Each structure stands twice: as structure tokens, then as C-alpha cells.
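# Structural features, examined
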Amino acid sequence: MRKNIEFRTTDGVTLRGWHFLPDGVSGPVPTVVMAHGFSATKEIFLDKYAELFAQAGIASLVYDHRNLGASDGEPRQEIDPWAQINGYRDAITFAETLPETDASRIGVFGSSYSGGHVLVVGAIDRRVKCVVSQVPLVDGPRNAQRVIPAHLMAGMRAMFDADRRDRFFGKPPVRLPVVSNDGSPCALPTADSYEFMVNVAGRATDTWINEVTLRSVEMFMEYDPGAYISLISPTPLLMLVQREDHLTIADLALAAYEEARQPKKLITMPGGHFAAYIDNFATAGPGARDWFVEHLQPTQ
């Protein structure tokens, strides 16, 4: 069963999403809080994960990050990782208020950019009893060095500086596409990003917009969620990594996994970043489900 929900963050922004419940639920059940990656909205296949979890008796609270999709927030299409982390924590608080939630059995799921967020949330919020991090960004500075050609980096930083000066004097933030295929500057400059976001996700929903603020990219390049990974323990961590991921670089994710402490588990899959949602969902989805089932059991 799925119903629409909305809740307010601690700074007054209304976030909207879905509450999935197992059929025939009669009491509080374990609940997973989840949101999507960079610029993505909940309609881009998060419902598949939530439906799979519901079949195993686990509820899900699925929502759009602030400034994106159905959620409120300004400026639109601005992606602030720390504001999104606080959104996760507010979503956990909201989940605790629902009579269907067993507040002692809350997990978090994040994919791509949010795969990094849940590493931070799992480390700093002990209400979280289980973490699943799928194809995560773990190191924004090093990831950017690998994705953005070196000869373009100086120009990118000059754009950041000019945008900051303009905003200081009250001008609106500069915007750029999330993806492009004509060589123009964009936030996710890989061919598979364009193919998935435009030709797969973009055809599956009209909630995704191919635009972000330039400072969203600047914040991406300053964000280092992997620094928190060793602090997640003793909360159980599952990491799902695509072995040929060159968007959120696979070897950076694997190196971060080595820094995590037990209990932890790694599942690797063939293919690039976006394969987890479609080609490898038969591995990724059940892998996440089984981790939640195992680690969100009632406390003895």
C-alpha cells in the first residue's frame, strides 16, 4: 500500500513523498527512509525498491529532497548535500511519529549522491539501525578530479568565483544542465549520465528537470562523505558498487569500504553507475532487502 505524505523540516520547508506499507500491516513495522541522488526524483525507480521491501514486511518513507520534484524549497534545483542530510534526519523524525513505524527499527537507503548522505547519517544519527549505500559518492574532491578533465578545472573554478561575486550583489544563481551531449558544461559530464537521465529517467517521469544551480556543482566538489565511514560501526553497513562505475568512481567507493568497520558487507555488480536501477536490480534490490530484513529484527 502506498499513500502520499508530507512533513516539514526543522527550518520550515515542506518535503513530500510516499509512505509504503506492507499489505495487512497491523502494528509498528521496521521502516526505511530513502531519497534519491543528484537532481533525481523519487519517481526514478525508488518505488521498485520500496515495493520489494514492503513484500518483506518493511515499510518505506520515500521523499524528494528539498528544491526538487514535489518538495518545496528555494532556489529550485539547488542541491546542498548538508541540507539534504538534515532532510534525512527530519524524515527519520517524521517516520518516528507514524503509528505504523517501529522507531527502534529504522534504516536508511541512499543511492549515488544520497549513497554518500546515508554514510554521514548512519555515522551521526544513532536512531539509524541499518545502512544501505548504493553506488555512493564517497569523495567529492577526488571524484571531480577523475570526472572533470584537468584542462577544464581552472575555468570551472573561475565560474564558481564569478557566480559567488554575482550572488553577493543580489544576482540570481547561475544555472547549467545536469547532463548534455553537445560538449557544453554540465554537472554530470559522462555519456551514460545523459543516456540514463534523458532517455530512461526522463521518459519515465516528468518530475525530473535537467537543470541545477552552478553552486550545486561547487558543493559537490567540496563534499567528502567517505570521511564518516569508519564512524558508522556498530551500525551495519551494506555497500552496493558497480564495478565499471566511472561517475561515482568505483575504486574510490571500494577504498572507502575498506575503511569501514564491522559489521559490513560489500556487493559488487558488473556494469556502470546506472545499471543498479535496471539491469542489476535483481541483485541490488534483493541485496538491500535482505540486509534490512537481517538487521532490522526486533531487539531481543
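Refer to the structure presented above.
Residues numbered from 1 in each chain as written. Predicted model: local features only at pLDDT ≥ 70, side-chain atom pairs only at ≥ 80, totals over all residues. Heavy atoms only, no water.

## Concerning helix α8 (residues 250-259)
Taken as a whole, α8 has its buried residues at Ala250, Leu252, Ala253, Ala256 and Tyr257. Summarising the axial view, the buried residues of α8 lie within an arc of 160°, below the 170-degree limit, and thus occupy one face. Exposed positions of α8 whose direction lies more than 90 degrees from the buried face are Glu258 and Glu259. (Buried < 20%, exposed > 50% of the residue type's maximum accessible area, 1.4 Å probe, protein only. Helix = DSSP H or I, 4+ residues; strand = E, 2+ residues; numbered from the N terminus. Arc of directions from axis to C-beta.)

## Digging into unusual backbone geometry
That bond from Glu74 to Pro75 is cis: its omega, -5°, falls within 30 degrees of zero. At the junction of Ser233 and Pro234, the peptide bond is cis and its omega measures out at 15° in the coordinates. Among the structural elements, Pro234 can be located in the loop between α7 (214-222) and β9 (237-242). Backbone geometry places Phe45, a non-glycine residue, at a positive phi of 75°. Tracing the backbone shows Phe45 in the loop between β3 (29-35) and α1 (46-55). The class of Phe45 is buried, set by a relative accessible area of 15%.

## Quick word on the sheet that holds strand β6 (residues 128-134)
Pairing is mixed in the open sheet, where 8 strands are placed in the order β1-β2-β4-β3-β5-β6-β9-β10. A single partner strand is all that each edge strand has here, and the edge strands are β1 (2-8) and β10 (264-269). Each strand of the sheet is rotated relative to its neighbour by a mean of 20°, with strand direction disregarded. Strands in contact with helix α2 (residues 81-97) are β1, β2 (14-20), β3, β4 (59-63), β5 (101-111) and β6; relative to β5, the strand with the most contacts, it is inclined by about 150°. (Pairing = 2+ DSSP bridges. Axes fitted to C-alpha atoms, helices over the stretch in contact; angles between N-to-C directions. Contact = heavy atoms within 4.5 Å.)

## A closer look at the pairing of β1
In the sheet, β1 pairs with β2 via 7 bridges, with the strands oriented antiparallel. When the sheet's bridge partners are listed, Ile5 is paired in β2 with Gly17. The antiparallel hairpin formed by β1 and β2 contains 5 residues in its connecting segment, where Gly12 sits at a positive phi of about 90°.

## Topic: the side chain of Thr213
For Thr213, the position within the fold is in strand β8 (residues 212-213). Exposure remark for Thr213: the relative accessible area of 0% places this residue in the buried category. A polar side-chain atom of Thr213 sits 2.7 Å from a polar atom in the side chain of Ser216. The residues contacting Thr213, other than those within four sequence positions of it, are Arg76, Gln77, Glu78, Pro173, Val174, Arg175 and Leu176. (Polar contact = N/O pair within 3.5 Å; in protein donor to acceptor, adjacent residues only side chain to side chain.)

## With respect to the pattern of salt bridges
Under the counting rule described, the total for this entry stands at 18 salt bridges. Here Asp102 and Arg105 are joined by a salt bridge, their closest N and O atoms 2.8 Å apart. Like Asp102, the residue Arg105 is buried in the burial classification. Salt bridges sharing partners connect three or more residues here, namely Arg89, Glu96, Asp125 and Arg127. (Salt bridge = Lys/Arg side-chain N within 4 Å of Asp/Glu carboxyl O.)

## Some details on helix α6 (residues 191-204)
Its 14 residues give α6 an end-to-end C-alpha distance of 19 Å, which sits within 8% of 20 Å, the value for a rise of 1.5 Å per residue. Most pronounced at Met197, the bend in α6 amounts to some 30°. For α6, the set of buried residues is Asp192, Ser193, Phe196, Met197 and Ala201. (Expected span 1.5 Å × (residues − 1). Bend = angle between axes of the 7 residues up to and from the residue.)

It is worth stressing that arrangement in space is one thing and function is another; only the former is reported here.
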